[in-house]
Amino acid sequence: MLNTFQQASHPMLPVSNHDEAARQEFAKSLKQFVQQGLLPGLAPVFTQRAARAFEAEHGRAPTDRREIRQVMEPDPYFQHYAALNRIAQELMWNAVIDPVERQLPALIEGARHWSATTRAELRMDPDFVPPRYVTALDIHCMPGGYASEVAPGDVSVAALYDRGAYLYGMGFAGPLNDDMGRSVCNYVQRQLPGFKPRRILDMGCTVGHSTLPYKTLFPDAEVWGIDVGGPCIRYAHARAAALGVEVNFAQMNAEQTDFADGHFDLIVSHILLHETSGKAMPRIVRECHRLLSPGGYAIHADLPPFDLMSPFTQFILDNETWYNNEPFWGAMREIDQVQLAIDAGFPADSVAFATAPMAILESTAAGAAGYTQDATSSVAEREFTAGEFAPGGGWEVLVARKAVQA
Ligand SMILES: C[S@@+](CC[C@H](N)C(=O)[O-])C[C@H]1O[C@@H](n2cnc3c(N)ncnc32)[C@H](O)[C@@H]1O
């Protein structure tokens, strides 16, 4: 596959030998073939074959994603697509796990070393119990999930995620896998001019990919990343230190954190909510309301709700629920998130969906000389509409502002 961007090397990233790197490139290329070679064939298979069969049987066209799935599942083209997609995902993790296991003692030692070099806080909780929706299965087939620990000071699943996320995104998240954070930073700069948060919280930060751009944009702010995965938090802290960015990390549950009321002016999350649960999501939104100072903003970046997409697009994206160990993926997109925020205490006129254009596409569209880490770099302006989603161009953001006066 023609590479978009190579992943930026940093001292915490596991090093792959020649054979491991070749297998990883193969898995990435296979993913690209599935996305760009097979996926486009699903629409004509549906309209010209499956939908006609449904109409012949029912006297009407299929109307929603469930009926579309019903007619597509028996189709050999769809079966071929879905099976290969799953195989590519499993191959990808298999190709990354070897270098992680081979270098585990060095990775653990590296995390200790780099964490000791920074003034930024690392808060681990030895009694912490991660929620069941994180531990019950390996989300998106990642071996061990986010919270497994196989040794004291373990960082293995985090190292696996760091490399795997790059391959999964086929490089489109940029060399530091930080496109979501950079995109929301651009959104904040444009839509909230003059907003200067003193304290920023990134919920469900994993290894801090999206967290670091906030410190770049607001160097004077106190920035925190929290996650339920202990290895993720250790790795995130060490990775940030190794990259020379002073960000604090804590092992905490976003449903109920240890921070004081009103501590933060800006709370963000990036693809966190769809990996939680129907009970956890309202709690997280309520916790955001509690943690925000008056006039503060919560911005949750994810893919759009189903009602902003065609039934066929819903069907395609919902394959994550069916074949990629993402049990809450589809259900989350049916929840009325605006109402959820209102129920949590945000004023109705302060809650809305918007689209944050993908920073990486904007910087390439602008013809910028290569990729730049600077979130303040010049970007091409373009109007995006709610409902666009990466890789179509932008991240969907649920934006809610706490009332200025109680
Ligand atoms: C898809 S990853 C998020 C990726 C990350 N935000 C980024 O931009 O690179 C989801 C993360 O949310 C974490 N998570 C899930 N439920 C959580 C909760 N209740 N509180 C904090 N973190 C949670 C998981 O452990 C996992 O690391």
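Residues numbered from 1 in each chain as written. Predicted model: local features only at pLDDT ≥ 70, side-chain atom pairs only at ≥ 80, totals over all residues. Heavy atoms only, no water.

Student: Help me get a handle on the site of the ligand, residues and values and all.
Tutor: Every one of the 20 residues lining the ligand counts as a neighbour, but Gly204, Thr206, Ser210, Asp227 and Asn253 are closest to it. In this structure, a nitrogen atom belonging to the ligand sits 2.8 Å away from a main-chain N or O atom of Gly204. In the complex, 99% of the free accessible area of the ligand, which totals 610 Å², lies under the protein chains. Here the shell around the ligand is built from residues that sort into 11 nonpolar, seven polar and two charged. (Near = heavy atom within 4 Å. Polar contact = N/O pair within 3.5 Å; in protein donor to acceptor, adjacent residues only side chain to side chain. Areas by Shrake-Rupley, 256 points an atom, 1.4 Å probe, with all protein chains shown as cover. Nonpolar A, V, L, I, M, F, W, Y, C, P; charged D, E, K, R; others polar.)

Student: Outline a nonpolar patch on the surface, listing residues and values.
Tutor: Taken together, the side chains of Phe26, Ile87 and Leu91 present a nonpolar region at the surface, about 270 Å² in accessible area. Relative to the elements of secondary structure, Leu91 occurs in helix α4 (residues 76-102). The exposure class of Leu91 is partly exposed, given its relative accessible area of 32%. (Patch = residues over 30% accessible without salt bridge, like charges linked within 9 Å, V, L, I, M, F, W, Y side chains within 5 Å. Salt bridge = Lys/Arg side-chain N within 4 Å of Asp/Glu carboxyl O. Helix = DSSP H or I, 4+ residues; strand = E, 2+ residues; numbered from the N terminus. Buried < 20%, exposed > 50% of the residue type's maximum accessible area, 1.4 Å probe, protein only.)

Student: Describe the side chain of Asp75, with residues and values.
Tutor: Here Asp75 shows up in the loop between α3 (65-72) and α4. In this structure the side chain of Asp75 is engaged in a polar contact, spanning 2.8 Å, whose partner is the side chain of Arg49.

Student: Can you tell me about the pattern of salt bridges, naming the residues and giving the values?
Tutor: Taken as a whole and judged by the stated rule, the model has 19 salt bridges. Of the charged contacts in the structure, one is a salt bridge between Arg112 and Glu109, with a shortest N-O distance of 3.9 Å. Of this pair, Arg112 and Glu109 both sit in helix α5 (residues 104-115), separated by three residues, roughly a single helical turn. By relative accessible area, which is 46% here, Glu109 ends up partly exposed. The partner of Asp265 in a salt bridge is Arg198, with the nearest N and O atoms 2.9 Å apart. One end of the pair, Asp265, is in strand β5 (residues 264-270); the other, Arg198, is in the loop between α8 (179-191) and β2 (199-203), and 67 residues separate them in sequence. Given the relative accessible area of 7%, Asp265 is considered buried. Taken together, the salt bridges that share partners define one network made up of Arg65, Arg66, Asp318 and Glu334.

These results come straight from atomic positions and should not be treated as a statement about function.
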